[in-house]
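What follows is each chain in one-letter form.
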2 protein chains.
Amino acid sequence: MTTATSSRELAHPERGEIRLESVLHALSDPMRMQVVRELAQAEGELSCSFFDLPVTKSTTTHHFRVLRESGVIQQVYRGTAKMNGLRREDLAALFPGLLDSVLDAAARQERRLAGS
Amino acid sequence: MTTATSSRELAHPERGEIRLESVLHALSDPMRMQVVRELAQAEGELSCSFFDLPVTKSTTTHHFRVLRESGVIQQVYRGTAKMNGLRREDLAALFPGLLDSVLDAAARQERRLAGS
DNA sequence: TGCCTCGTACGATACTCACCGTACTACGAG
DNA sequence: CTCGTAGTACGGTGAGTATCGTACGAGGCA
């Protein structure tokens, strides 16, 4: 069996446990927002090491954990890699339109600050 | 002259200085979210003392300052009262749809958690 | 003028958090 | 089995913040 998912488990909040405050808090950090934006563009799963964040590995782990525990992303081990994906469906069910408007707001702000 | 605005000035970020991260951070506190929701419903200005927050006056002052400095609300002195209003236009211009989807998300979560 | 109310300022406290380094684990490849 | 790579765990640090109490200032009212 190739590309088998590891048995290591990661704690995720269920859909009903996701809290708006936690989601907003998770997204209020520029580093985490960047991760979420790239995941949104990728339309698939990305490994942690795909992201080239300007912090150490331990800090990266920390940010991914905040995103996972707030319910913004799901994580699964695949071999030595840990794949990350947006929880689009859960977020859309709980907070329709929220993720999209946040992503749009981030894109607009980036364009605006770039002076374009 | 009645209802004259006091000469005391309050520092507000200009529209172009408002940052998405700061707005999301301001909204990630339940107390501040409650204030913003009531302001949205009121469709006008409310004094700080209108809100019956379960904290002391000094803490209330702190939360209103966070909201003002992040650009979410505007504040103006009117006599001894300090009136608060949402900066709907500025937020809509910078981040279209964001405020509405956040308010909707908060309303949905409240309904959901109330067990309705 | 004096008082009351609304809100501020300031100092203190306890907690959270972003970040680091080091030591460690898990897995796949050779 | 050994090594390299991906990521974790843990402990620590400095900054920010949510909270309080007390003392203060500004404005309206009697």
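In this report, we go over the structure that sits alongside the text. Bear in mind that the values here come from a model prediction, so they are computed numbers and not experimental data.

So, how was this worked out
Residues numbered from 1 in each chain as written. Chains lettered and ligands numbered in written order. Predicted model: local features only at pLDDT ≥ 70, side-chain atom pairs only at ≥ 80, totals over all residues. Heavy atoms only, no water. Near = heavy atom within 4 Å. Polar contact = N/O pair within 3.5 Å; in protein donor to acceptor, adjacent residues only side chain to side chain. Helix = DSSP H or I, 4+ residues; strand = E, 2+ residues; numbered from the N terminus. 1 Å grid on protein atoms, 1.4 Å probe; cavity = no way out; pocket = protein on both sides within 12 Å on 5 of 7 lines; lining within 4 Å. Points joined across faces, edges and corners; volume = space filled by probe spheres on them. Nonpolar A, V, L, I, M, F, W, Y, C, P; charged D, E, K, R; others polar. Phe/Tyr/Trp six-rings, centres within 6.5 Å; stacked < 30°, edge-to-face > 60°. Buried < 20%, exposed > 50% of the residue type's maximum accessible area, 1.4 Å probe, protein only.

## Re the protein's contact with DNA strand D
Move 1: Near DNA strand D lie 24 residues; those nearest to it are Lys57(A), Thr61(A), Lys82(A), Thr59(B) and His63(B).
Move 2: Sugar plus phosphate, as a fraction of atoms of DNA strand D within 4 Å of the protein: 70%.
Move 3: Arg32(B) has a polar side-chain atom sitting 2.9 Å from a phosphate oxygen of DNA strand D.
Move 4: Within the side chain of Ser58(B), a nitrogen or oxygen atom sits 2.9 Å from a base oxygen of DNA strand D.
Move 5: Mapped onto the surface near DNA strand D, the elements with two or more residues apiece are α3 (57–70) and β3 (81–86) of chain A together with α2 (30–42) and α3 (57–69) of chain B.

## Some remarks on the layout of surface pockets
All names here are of chain A.
Move 1: Within this model, the largest pocket holds a volume of roughly 300 Å³.
Move 2: Together, 15 residues line the largest pocket, and Cys-48, Ser-49, Lys-57, Thr-60 and Thr-61 are the ones closest to its centre.
Move 3: Ranked by residues supplied to the lining of the largest pocket, first place goes to α3 with four residues.
Move 4: Looking at the lining of the largest pocket residue by residue, the class counts come to seven nonpolar, six polar and two charged.

## So, the packing of aromatic side chains
Move 1: All told, the structure shown has four aromatic pairs over all chains when counted by the stated rule.
Move 2: Both rings, one in Phe50(B) and one in Phe51(B), keep their centres 5.4 Å apart while their planes meet at 85°; by these two values the pair is edge-to-face.
Move 3: With a relative accessible area of 48%, Phe50(B) lands in the partly exposed category.
Move 4: What makes Phe51(B) buried here is its relative accessible area of 6%.
Move 5: Through a chain of ring-to-ring contacts, the aromatic side chains of Phe50(A), Phe51(A) and Phe64(A) assemble into a single cluster.

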